[in-house]
Every structure is written in structure tokens, then in C-alpha cells.
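Secondary and tertiary structure notes
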Amino acid sequence: MRYIDLRSDTVTHPTPAMREAMYRAEVGDDVFGEDPTVRRLEEIAAERMGKEAALFVASGTMGNLVALLTHCGRGDEVILGDHSHTFIYEQGGMAALGGITPRPLPNQPDGTLRLEDIRAAIRSENVHFPRTRLVCLENTHNLCDGAPLTAEYTAAVANLARQHGLRVHLDGARIFNAAAALGCDVRDLVREVDSVMFCLSKGLCAPVGSVLCGSADFIYEARRARKVVGGGMRQAGILAAAGIVALEQMTGRLAEDHARAQRLAEGLAQIPGIAVGPVYTNIFYFWLDEGVSLSPQEFLYRLRELGVLVLGREDGRFRAVTHYWITDEDVETTLRAVRAVLSA
Ligand SMILES: *Cc1c(COP(=O)(O)O)cnc(C)c1O
């Protein structure tokens, strides 16, 4: 049985073009800087982001950690959202491995941090205080309904950061989804930040990998940080080859995923017993009304029996994510399955 897997865009398998590119990839030892395919991916990625240089890393978590280790020293403090992926889902790696203190501020429902909150959190020079070094933003914002941050907002944060001698890192795991939703070039969304990480392995369908981009000096140091966390890979061109296909063939089609998420959410909202949150991109959340006698666990189990997977969260909500392998027909099949579960 083929499942309609809406749990995440990380479940995407590589496309046939990716497998072909992987098979044919020219490779070398990338720790020696000799893998031509990795180097090409890094050049293409830097160009797409409008940055000087790029670094291929094993995962988004590694990309964010390497960025933080590069921007900050032990004892430094990082301002970030209390709903951010880096704060919630990365094991506190910055503190565990880098001696860096997180300073979480409330994420607004649209994924932003209030400029006043950032300003108030920046430390003054005082022997008692850690030194604020960095502000981290997330675009699109996973836990805040997949909301995209605008270029204007990002620039305003970067401007404030610069006034205080801080740097800005962007967790842009789904930055191409943000560009598709806002109808802009991805460069507009990252122009003012010092570094940006984006994932090849989510909606772009590559099997493995993320890319960290920034100035040539920053990437030089980041390459050292990647090595110390064990991220120096050898014939990684096998993986980078799929990443090149991801950048060349997959970034232009993400609006399709957003339209399917919209259609799915609208259909769900019409089913008695279902409530749906806002939809901005390819991720949205929905939940059962209080009147529904089914528990969230039972709902998930029955939906699974009908061949549909969504992600259950601890708060009883469900996450649905559309991606390359979800078709219009899958959306309709999912709606039929949810109707069947709730009317049984
Ligand atoms: C998935 C994700 C990451 C981490 O990526 P992994 O490759 O899973 O380590 C970081 N930030 C955000 C917003 C993500 O959604």
C-alpha cells in the first residue's frame, strides 16, 4: 500500500533526475577541497543566495550549529525565537557544544520577533553580562504556521542588529518556499543577513544535505567549524549532485505545493469537527473540535488505516505538509479519508 505521507517534506525521495546525477557525479576528496561536484554546488548556492561563498553540510541542524560556532565564542549570547527550530529542536547544541547561551524571545504568530523585544534584550557592556553577539531568524517559520518573513522585516532586524554591532543568521531551511509565497527573489530575503542556511533535503527532494552561505571569510571559518563537529565528508559529490538538481529543477515549482496545501486546508475546514490554522506556504496545522469524541491518537490511527499519514503533535494538533510527491488526487483522497474517519 502506498501511503499519502503528509507528515513532512523531509519524506521526499530523490527524483529520477537526481538519481541519474548521483550515479554520474564526478567526485574527489572534499576535505582536500577536491570534489568538483561539491564545489559546483557551493558556487551555485552562493550565487543563488547572492553571497560570496557557501559550504555543503550534512543537515540543517549542522548548518545552524556551524553558523553559531563561527559567529560566536564561548559565553556569547544569541537572541532567537522561543518557537524557533534552533531553540526547540536542535538539542541546545549551541550550549552543549559551543558554550553559547540562547536568549529566547517570544515569537509572534507570524514568526517574527518584535523589534522592541530585540532592542530590550541586547546586553550593555557590563562585567556581569554575557555579550550579545547574534540574532537568529527563521524563514519560513516551521512552528508559526509556516509563515514567511518579508524582506522588509528581515532588513529592519538586520539594521537594528548592525547598530549594536551584532550579526544576523537566518535559518532558511525553507527559504525557497518563502520566496515562492512572497513572489520575490530569494536574494531579497537574505540580502541583509550575515549568514543563511537552507535545506536541500526537504521540499527540494534531495536525499541529504543543507548549505550554509555567507562572506568568503565567514565560510573559511565555518569550514573549520564543520570539520570539528565531524562534518568533513569525502566523496560527497555523490550527494551534492542531487543538491545541484534540487537548485536547478525544484525551486521553481514550490508554489504548486502551496496551492495544494491551500486546497487541502480549505477542504478540511469544510469537514464538521475539523478546525484549521492559517496557511501561508506548504506547512499548516489542524485539529479536532472539542465536540469530537475521537482522541487525536485514534484519529491518526484510523487515518493511517486509510493510507494517509499526518504528524501528531504533543498538544493534540496535527501537521500536514505538501511536497513534490503529493498530487491533486492525493489531496482529494486525503479529504475523503478524513471525512470517512469523522463520520464513522
Ligand atoms: C528541518 C529544519 C532544520 C534542521 O534540518 P535537519 O536537516 O533536519 O537537521 C532547521 N530549521 C528548520 C526551520 C527546519 O525546519
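Report follows, based on the coordinates. (Residues numbered from 1 in each chain as written. Predicted model: local features only at pLDDT ≥ 70, side-chain atom pairs only at ≥ 80, totals over all residues. Heavy atoms only, no water.)

Take unusual backbone geometry next. Negative phi values dominate among residues other than glycine, just as trans dominates among peptide bonds. Looking along the chain, the bond that leaves Asn 139 and enters Thr 140 is cis, with omega of 0 degrees. Position of Thr 140 among the secondary structure elements: in the loop between strand E5 (131-138) and helix H7 (151-163). Of note in the backbone geometry, Asp 145 takes a positive phi value of approximately 60 degrees without being a glycine. When you line up the elements, Asp 145 lands in the loop between E5 and H7. You will see that Cys 205, though not glycine, has its phi angle at about 75 degrees, which is positive. (Helix = DSSP H or I, 4+ residues; strand = E, 2+ residues; numbered from the N terminus.)

This brings us to the sheet that holds strand E10 (residues 283-288). One open sheet holds the four strands; their spatial order is E9-E10-E13-E12, and the pairing between them is antiparallel. Unpaired on one side and paired on the other, strand E9 (274-276) and strand E12 (311-312) mark the two borders of the sheet. (Pairing = 2+ DSSP bridges.)

A few words now on the packing of aromatic side chains. Where two aromatic rings form a pair, the distance of their centres and the angle of their planes describe that pair. Counted by the stated rule, this structure contains six aromatic pairs. Between the aromatic rings of Phe 286 and Phe 299, the centroid separation amounts to 6.3 Å while the plane-to-plane angle is 75 degrees, which identifies the pairing as edge-to-face. Within this pair, whereas Phe 286 is found in strand E10, its partner Phe 299 is found in helix H13 (residues 296-305), the two being separated by 13 residues in sequence. Over the ring of Phe 129 we find Arg 123; its NZ or CZ atom is 5.2 Å from the centre of that ring. (Phe/Tyr/Trp six-rings, centres within 6.5 Å; stacked < 30°, edge-to-face > 60°. Lys NZ or Arg CZ within 6 Å of the ring centre and 35° of its normal.)

Let us look at the sheet that holds strand E2 (residues 53-57). Backbone-to-backbone hydrogen bonds join strands into a sheet, with any given pair of strands oriented parallel or antiparallel. As summarised here, the arrangement of the seven strands in space is E2-E8-E7-E6-E5-E3-E4, forming an open sheet in which the pairing is mixed. Looking at strand neighbours, the two that pair on one side only are E2 and strand E4 (101-105), the edges of this open sheet. For this sheet, the mean angle separating the axes of adjacent strands, direction not counted, is 20 degrees. Two elements, strand E3 (residues 76-81) and E5, share four bridges in a ladder whose sense is parallel. Looking across to E5, one finds that Ile 79 is bridged to Val 135. Sitting on the sheet, helix H2 (residues 36-49) is in contact with E2, strand E7 (195-199) and strand E8 (210-214), with an inclination near 125 degrees to E2. (Axes fitted to C-alpha atoms, helices over the stretch in contact; angles between N-to-C directions. Contact = heavy atoms within 4.5 Å.)

Moving on: the layout of surface pockets. There is about 260 Å³ of room inside the largest pocket. If you trace the largest pocket, you find 13 residues lining it, with Arg 39, Glu 42, Ala 54, Ile 219 and Arg 223 closest to the centre. With four residues, the single largest contributor to the lining of the largest pocket is H2. In terms of residue class, the lining of the largest pocket is built from six nonpolar, one polar and six charged. (1 Å grid on protein atoms, 1.4 Å probe; cavity = no way out; pocket = protein on both sides within 12 Å on 5 of 7 lines; lining within 4 Å. Points joined across faces, edges and corners; volume = space filled by probe spheres on them. Nonpolar A, V, L, I, M, F, W, Y, C, P; charged D, E, K, R; others polar.)

A word on the pairing of strand E6 (residues 167-171). Extensive coverage of E6 is indicated by the burial of four of its five residues. In this structure, E5 lies alongside E6, joined through five bridges in parallel fashion. Opposite Cys 136, over in E6, you have His 169 as the bridge partner. In this fold, the crossover linking E5 to E6 by way of H7 has right-handed handedness. Looking at chain direction, E6 and E7 are connected through three bridges and run parallel. (Buried < 20%, exposed > 50% of the residue type's maximum accessible area, 1.4 Å probe, protein only. Right-handed = clockwise from strand over helix to strand, strands pointing away.)

Another aspect to go through is the pattern of salt bridges. Inspection of the entire model under this criterion finds 24 salt bridges. In this structure, Glu 47 engages Arg 187 in a salt bridge whose closest nitrogen and oxygen atoms are separated by 3.2 Å. Taken as a pair, Glu 47 in helix H2 and Arg 187 in helix H9 (residues 186-190) lie far apart in primary sequence, 140 residues in all. Judged by relative accessible area, Glu 47 falls into the partly exposed class, the value being 49%. Here Arg 103 ties to Glu 77 by a salt bridge, and the two come within 3.6 Å at their closest N and O atoms. With Arg 103 in strand E4 and Glu 77 in strand E3, this residue pair connects regions lying 26 residues apart in the sequence. Sharing partners across several salt bridges, the network here consists of Arg 253, Glu 256, Asp 257, Arg 260 and Asp 328. (Salt bridge = Lys/Arg side-chain N within 4 Å of Asp/Glu carboxyl O.)

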